[in-house]
Amino acid sequence: MSDPLEERRARARELAAEFADQGDAFGWFDAFYKEAAGDNEQIPWADLEPNKFFKTWADDVGLKGNGRKALVVGCGLGDDAKYLDDLGFKVMAFDISPTAIEWAKRLHADKDIQFEVADLFEPHRSWLGAFDFVLEIYTIQPLPMDMRERVIDSIATFVASEGELVIVTRGRGDDEEPVELPWPLSRRDLSRFETHGLQQMDFRTFDGDEETPIPRWVVWYKKSTVTEVE
Ligand SMILES: C[S@@+](CC[C@H](N)C(=O)[O-])C[C@H]1O[C@@H](n2cnc3c(N)ncnc32)[C@H](O)[C@@H]1O
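Student: Any chance you could explain the overall build of the protein chain here in plain terms?
Tutor: Helix and strand content of the protein chain: seven helices and eight strands. For 230 residues, the compact-globule estimate of 2.2 N^0.38 gives 17 Å, and the protein chain sits close to it at 17 Å. Overall, the C-alpha framework of the protein chain stretches about 60 × 45 × 35 Å when taken along its three principal axes. Sequence-distant contacts, at least 24 apart, represent 63% of the contacts inside the protein chain between residues at least 6 apart.

Student: How should the environment of Ile113 be read in this particular structure?
Tutor: Within the element layout of this structure, Ile113 appears in the loop between helix 5 (98–107) and strand 3 (114–117). Spatially, the C-alpha atoms of Ile113 and Met92 are 5.9 Å apart, while their sequence positions differ by 21 residues. Those residues within four positions of Ile113 in sequence are excluded, and the remaining contacts are Gly78, Ala81, Lys82, Asp85, Val91, Ala93 and His108.

Student: Quick question: what am I supposed to make of the pairing of strand 2 (residues 90–95) here?
Tutor: Among the six residues that make up strand 2, five are buried, leaving the element largely enclosed by the rest of the structure. As defined by bridge partners, strand 1 (residues 69–73) adjoins strand 2 across five bridges and the pair is classed as parallel. Residue pairing for strand 2: Val73 is matched across the bridge by Phe94. Each parallel crossover has a hand, and for strand 1 linked through helix 4 (residues 79–86) to strand 2 it is right-handed. As paired elements, strand 2 and strand 3 share four bridges and run parallel to each other. Bridged to Met92 within strand 3 is Gln114. At this point the chain moves from strand 2, through helix 5, to the parallel strand 3, and the crossover so formed is right-handed.

Student: Sorry if this is basic, but what is going on with the packing of helix 6 (residues 148–156) against helix 7 (residues 187–194) here?
Tutor: When two helices pack together, their arrangement is given by the angle between their axes and by how far apart the axes lie. Running from N to C, helix 6 and helix 7 cross one another at 40°; their axes reach a closest spacing of 9 Å. Regarding helix 6 and helix 7, the two cross each other, and that crossing is right-handed. Contacts between helix 6 and helix 7 involve Arg148, Glu149, Ile152 and Ala156 from the first element and Asp189, Arg192 and Phe193 from the second. Of the residues in the contact of helix 6 with helix 7, the class split is three nonpolar, no polar and four charged.

Student: Explain helix 1 (residues 4–21) here, please?
Tutor: It helps to recall that an α-helix has 3.6 residues per turn; residues three or four apart then point in one direction. For helix 1, spanning 18 residues, the distance from its first C-alpha to its last is 26 Å, which sits close to the expected 26 Å at 1.5 Å a residue. Backbone geometry just after helix 1 places Gly23 at a positive phi near 75°.

Student: Would you mind showing me how to read the nonpolar core here?
Tutor: The nonpolar side chains of soluble globular proteins are, as a tendency, buried together. By size, the foremost hydrophobic cluster in this structure holds 54 residues, and its most contacted members are Ala70, Val72, Val91, Ala93, Val134 and Leu135. Contacts of Val91, omitting those with residues within four sequence positions, involve Ala70, Val72, Ala81, Leu84, Asp85 and Ile113.

Student: In this structure, what is going on with helix 5? I would like to understand it.
Tutor: Listed as buried for helix 5 are Ala100, Ile101, Trp103 and Ala104. Projected down its long axis, helix 5 carries its buried residues within an arc of 160°, all on one side. Exposed and facing more than 90 degrees away from the buried side of helix 5 are Pro98 and Arg106. Of the surrounding secondary structure, the elements contacted by the buried residues of helix 5 are helix 2 (27–36), strand 2 and strand 3.

Student: Explanation requested: the packing of helix 1 against helix 2 in the structure shown.
Tutor: Where helix 1 meets helix 2, the closest approach of the two axes is 8 Å, and the angle between their N-to-C directions is 140°. As the angle between them shows, helix 1 and helix 2 are arranged oblique. At the point where helix 1 passes helix 2, the crossing takes the right-handed sense. Across the interface between the two elements, Ala12, Leu15, Ala16 and Phe19 of helix 1 pack against Gly27, Trp28, Ala31 and Phe32 of helix 2.

Criteria and cut-off values
- Residues numbered from 1 in each chain as written.
- Predicted model: local features only at pLDDT ≥ 70, side-chain atom pairs only at ≥ 80, totals over all residues.
- Helix = DSSP H or I, 4+ residues; strand = E, 2+ residues; numbered from the N terminus.
- Rg over C-alpha atoms; globule rule 2.2 N^0.38 Å.
- Contact = placed C-beta atoms within 7 Å.
- Buried ≥ 20, exposed ≤ 12 C-beta atoms within 10 Å, placed from the backbone.
- Pairing = 2+ DSSP bridges.
- Right-handed = clockwise from strand over helix to strand, strands pointing away.
- Axes fitted to C-alpha atoms, helices over the stretch in contact; angles between N-to-C directions.
- Left-handed = near helix turned anticlockwise from the far one by under 90°.
- Nonpolar A, V, L, I, M, F, W, Y, C, P; charged D, E, K, R; others polar.
- Expected span 1.5 Å × (residues − 1).
- Core = buried A, V, L, I, M, F, W, Y, C linked by C-beta atoms within 7 Å.
- Arc of directions from axis to C-beta.
- Parallel < 35°, antiparallel > 145°, perpendicular 65-115°, else oblique.

See the structure below:
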């Protein structure tokens with residue numbers, strides 16, 4: 001195997017399998033960031049730029065923060081958090097990996113972004129229903145398929161009433177079996193967000209940049225207001 005990016009993806013799969021054998025679905029992320037030793041080229045998803053599919057969508061809809069509160073889930077090195085900060089959001093961003101969060105803090109020390117180490121499944125209570133704009137990029141797809149509904153439920157709980165959520169992910173057909181990590185999402189997987197009062201406002205498909213491209217989806221939801229029944 002001579003493509004360095006493919007070599008790192010293979011290493012990620014190897015580490016994920018080692019940790020999974022010990023019953024740990026998340027530990028490999030921090031180990032992988034540690035192995036990179038400060039070299040972002042060792043992290044296939046980190047290019048020190050905002051995600052290009054999200055940016056294309058954001059440019060297209062003219063996304064603006066106007067001081068609204070944003071949360072970036074599984075923020076990695078924080079480039080999408082920085083992008084939201086540049087767009088005028090007040091940004092909080094978290095990741096389960098302490099190494100990634102330290103790295104993000106160093107990279108974006110000049111920005112007023114609150115970076116936190118936190119587990120998606122044990123969020124601060126004050127974060128629940130607290131964010132006008134929640135962004136999730138490539139965090140659902142590397143977590144085991146048998147956790148998928150729980151991951152989606154956790155992400156949905158951060159969105160405030162009338163808030164927005166954007167998901168960026170690899171996509172697959174409802175009847176396609178995911179082959180290997182990262183396991184793409186299907187439209188059926190995504191429909192789980194709608195059980196949380198999140199209505200799909202936009203669904204865009206882009207070509208991935210692999211030799212055999214895997215589609216990337218950018219999906220935008222809005223949470224409807226909960227109306228009290230008298
Ligand atoms: C494939 S990376 C994507 C990182 C970033 N969103 C990006 O696009 O550059 C997935 C990220 O999710 C984080 N993560 C995995 N499980 C998590 C959990 N339970 N809680 C919070 N973050 C988690 C990982 O540490 C990793 O940084």
